[in-house]
Amino acid sequence: MNWNQIRTDLALEAKELWEQDPSHTTELRGVLARETKQKGVTVNTVQILDEEGERQLGKPVGTYVTLDLVDYGKKERDSLRRAAQVLAGQLRSLLPLKKGQAVLVAGLGNEAVTPDAIGPKTVRQLVVTRHLVERMPTMFGAYRPVSAIAPNVLGLTGLESAEVVGGVVDRAGPDCMIVVDALAASDLRRVCRTVQLADTGITPGSGVQNGRAAFNQERFGIPVIAVGVPTVAHVPTVARLYDETLDQAGVDQLTGGQSMVITPQDMDAQVERLSKLVAWGINLALQESMDLEDIAFFVE
């Protein structure tokens, strides 16, 4: 198998694939990994430390935290609440924020395309407070200023998402940005069962081979934390993982030469639940004085 043909946006999977590649006979260098358990949620942290680690895994230097949401997927009691709390804690650890600093949340994607709707649907459920803090400081001054935008996609607006968000950053002057987007996984078990947080930013559309302008600190001049949910797996990737003898001709025969992805049958319901989970986690992380009942009062 040509392991370079396996597509994934998850640093954890990139590490696993590197370790499974029989051509790699040395130890994976420039990468640290650890696994912990929090509130029943498995948390895997992959740190890419240097250029060697970056080259081997094909991901920028930085920290990638992956939450395994198997229990959440089974809809066990309080699983969404527990997962949101764990997500919030991990997000706070990546956010270089001081009290009162402002945050912009950008929900990337196309709400009309269900697997790509995680970002816009998350934005709809955020506690946005920037206008309240500015206009009614006596009542809302204790809250963190949070603003949000769903810039839509180039094909509908004629504007790169990064161009739209860049104008907002210039005008609103946030201290940090959180970007929410859909990702692609290689392992079907991780589709709609995983959330990845990264302090490296993100390139929208890369999961469906349509990469746009990157969202990162280099571009915007502020820290950019990415929150991604894998909602698809590429058919060629899945096919090659299950049949290592499959070549490009076999893939083309399987797909009819089309670019195809796999999503769960109940994708609509999955996206609704996952966007709620991500929104709850972001809300808890940014407004530490709030609990989930307070958040529900604001957004429902």
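Residues numbered from 1 in each chain as written. Predicted model: local features only at pLDDT ≥ 70, side-chain atom pairs only at ≥ 80, totals over all residues. Heavy atoms only, no water.

**Some points on the overall build of the chain**
Right, so step 1: A tally of regular secondary structure across the chain gives 14 helices and nine strands.
Right, so step 2: Within the chain, buried positions represent 51% of all 300 residues.
Right, so step 3: Taking the contacts inside the chain whose residues are at least 6 apart along the sequence as the reference set, 70% of them involve residues at least 24 apart.
Right, so step 4: Counting only carbon and sulfur atoms, one obtains 46% of the accessible surface of the chain, whose full area is about 14500 Å².
Right, so step 5: Averaged over its 30 positive side-chain charges, the chain has a centre that lies 6 Å from the centre of its 38 negative ones. (Helix = DSSP H or I, 4+ residues; strand = E, 2+ residues; numbered from the N terminus. Buried < 20%, exposed > 50% of the residue type's maximum accessible area, 1.4 Å probe, protein only. Contact = heavy atoms within 4.5 Å. Areas by Shrake-Rupley, 256 points an atom, 1.4 Å probe, with all protein chains shown as cover. Lys, Arg positive; Asp, Glu negative; His and termini not counted. Charge placed at Lys NZ, Arg CZ, Asp CG, Glu CD.)

**Remarks on the packing of helix α4 (residues 79–94) against helix α13 (residues 267–286)**
Right, so step 1: Interaxial distance between α4 and α13 falls to 8 Å at its minimum, and their mutual angle equals 50 degrees. Overall, the two elements α4 and α13 adopt an arrangement that is oblique. Considering only the axes of α4 and α13, their crossing is right-handed. Between α4 and α13, the contacting residues are L80, A83, A84, Q85, L87, A88, L91 and R92 on the first element and R273, L277, V278, W280, G281, I282, L284 and A285 on the second.
Right, so step 2: Here the residues of the contact of α4 with α13 sort into 12 nonpolar, two polar and two charged. (Axes fitted to C-alpha atoms, helices over the stretch in contact; angles between N-to-C directions. Parallel < 35°, antiparallel > 145°, perpendicular 65-115°, else oblique. Left-handed = near helix turned anticlockwise from the far one by under 90°. Nonpolar A, V, L, I, M, F, W, Y, C, P; charged D, E, K, R; others polar.)

**Some thoughts on the packing of aromatic side chains**
Right, so step 1: For the structure on display, the rule yields two aromatic pairs.
Right, so step 2: Aromatic side chains F140 and Y143 sit 5.9 Å apart centroid to centroid with 45 degrees between the ring planes, which places their arrangement in the tilted category.
Right, so step 3: Over the face of the ring belonging to F220 we find R219, whose NZ or CZ atom lies 5.9 Å from the ring centre. (Phe/Tyr/Trp six-rings, centres within 6.5 Å; stacked < 30°, edge-to-face > 60°. Lys NZ or Arg CZ within 6 Å of the ring centre and 35° of its normal.)

**Some words on the environment of L17**
Right, so step 1: Note on placement: L17 falls in helix α1 (residues 11–20).
Right, so step 2: With 169 residues separating them along the chain, L17 and S186 place their C-alpha atoms 9.4 Å apart.

**Some thoughts on unusual backbone geometry**
Right, so step 1: The phi dihedral of N152 is positive, around 65 degrees, even though this residue is not glycine.
Right, so step 2: Along the chain, the position of N152 falls in the loop between β5 (146–149) and α8 (154–157).

**Some thoughts on the nonpolar core**
Right, so step 1: Residues L91, M177, I178 and F215 are the most contacted members of the largest nonpolar core, which totals 67 residues.
Right, so step 2: Sort the elements by how many residues they give to this core and α13 lands first, with 11 residues.
Right, so step 3: The next biggest cluster of nonpolar side chains, apart from the first, holds 11 residues, and it includes A11, L12, A14 and L28. (Core = buried A, V, L, I, M, F, W, Y, C linked by side-chain atoms within 4.5 Å.)

**Here we look at the side chain of Q270**
Right, so step 1: The topology assignment puts Q270 in helix α13.
Right, so step 2: Look at Q270 and you get buried, because its relative accessible area is 4%.
Right, so step 3: Leave out the neighbours within four places in its chain, and Q270 touches C192, R193 and P264.

**Quick word on the pattern of salt bridges**
Right, so step 1: Following the criterion strictly, the structure yields 11 salt bridges and no others.
Right, so step 2: Note that E13 is salt-bridged to R190, the shortest N-O span being 3.3 Å. In this pair, E13 sits in helix α1 while R190 sits in the loop between β6 (176–185) and β7 (194–198), placing the two residues 177 residues apart along the sequence. In this pair, the class of E13 matches that of R190, namely buried.
Right, so step 3: Between K121 and E111 there is a salt bridge, with its nearest N and O atoms 3.7 Å apart. Placement of the pair is K121 in helix α5 (residues 118–123) and E111 in the loop between β4 (103–107) and α5, with a sequence separation of 10 residues.
Right, so step 4: Take K121: its relative accessible area is 19%, and that puts it in the buried class.
Right, so step 5: On the accessibility criterion, E111 (30% relative accessible area) is partly exposed. (Salt bridge = Lys/Arg side-chain N within 4 Å of Asp/Glu carboxyl O.)

**What about the confidence of the model for the chain?**
Right, so step 1: On average, the chain scores 88 in pLDDT, and the residues at 70 or more come to 92%.
Right, so step 2: Averaged over each element, pLDDT in the chain is lowest for helix α3 (residues 70–73) (64) and highest for β4 (98). (pLDDT = per-residue confidence, 0-100.)

**Notes on a nonpolar patch on the surface**
Right, so step 1: Nonpolar side chains collect at one region of the surface, where L188, Y242 and I262 lie side by side and expose about 310 Å² of accessible area between them.
Right, so step 2: With respect to the element layout, I262 can be found in strand β9 (residues 261–262).
Right, so step 3: Given the relative accessible area of 30%, I262 is considered partly exposed. (Patch = residues over 30% accessible without salt bridge, like charges linked within 9 Å, V, L, I, M, F, W, Y side chains within 5 Å.)

**What about the pairing of strand β3 (residues 62–68)?**
Right, so step 1: The buried fraction of β3 amounts to six of the seven residues, a majority that puts the element mostly inside the structure.
Right, so step 2: Relative to β3, strand β2 (residues 41–48) runs antiparallel, the two sharing seven bridges. Bridge pairing in β3 links T45 to V65.
Right, so step 3: Two elements, β3 and β7, share five bridges in a ladder whose sense is antiparallel. (Pairing = 2+ DSSP bridges.)

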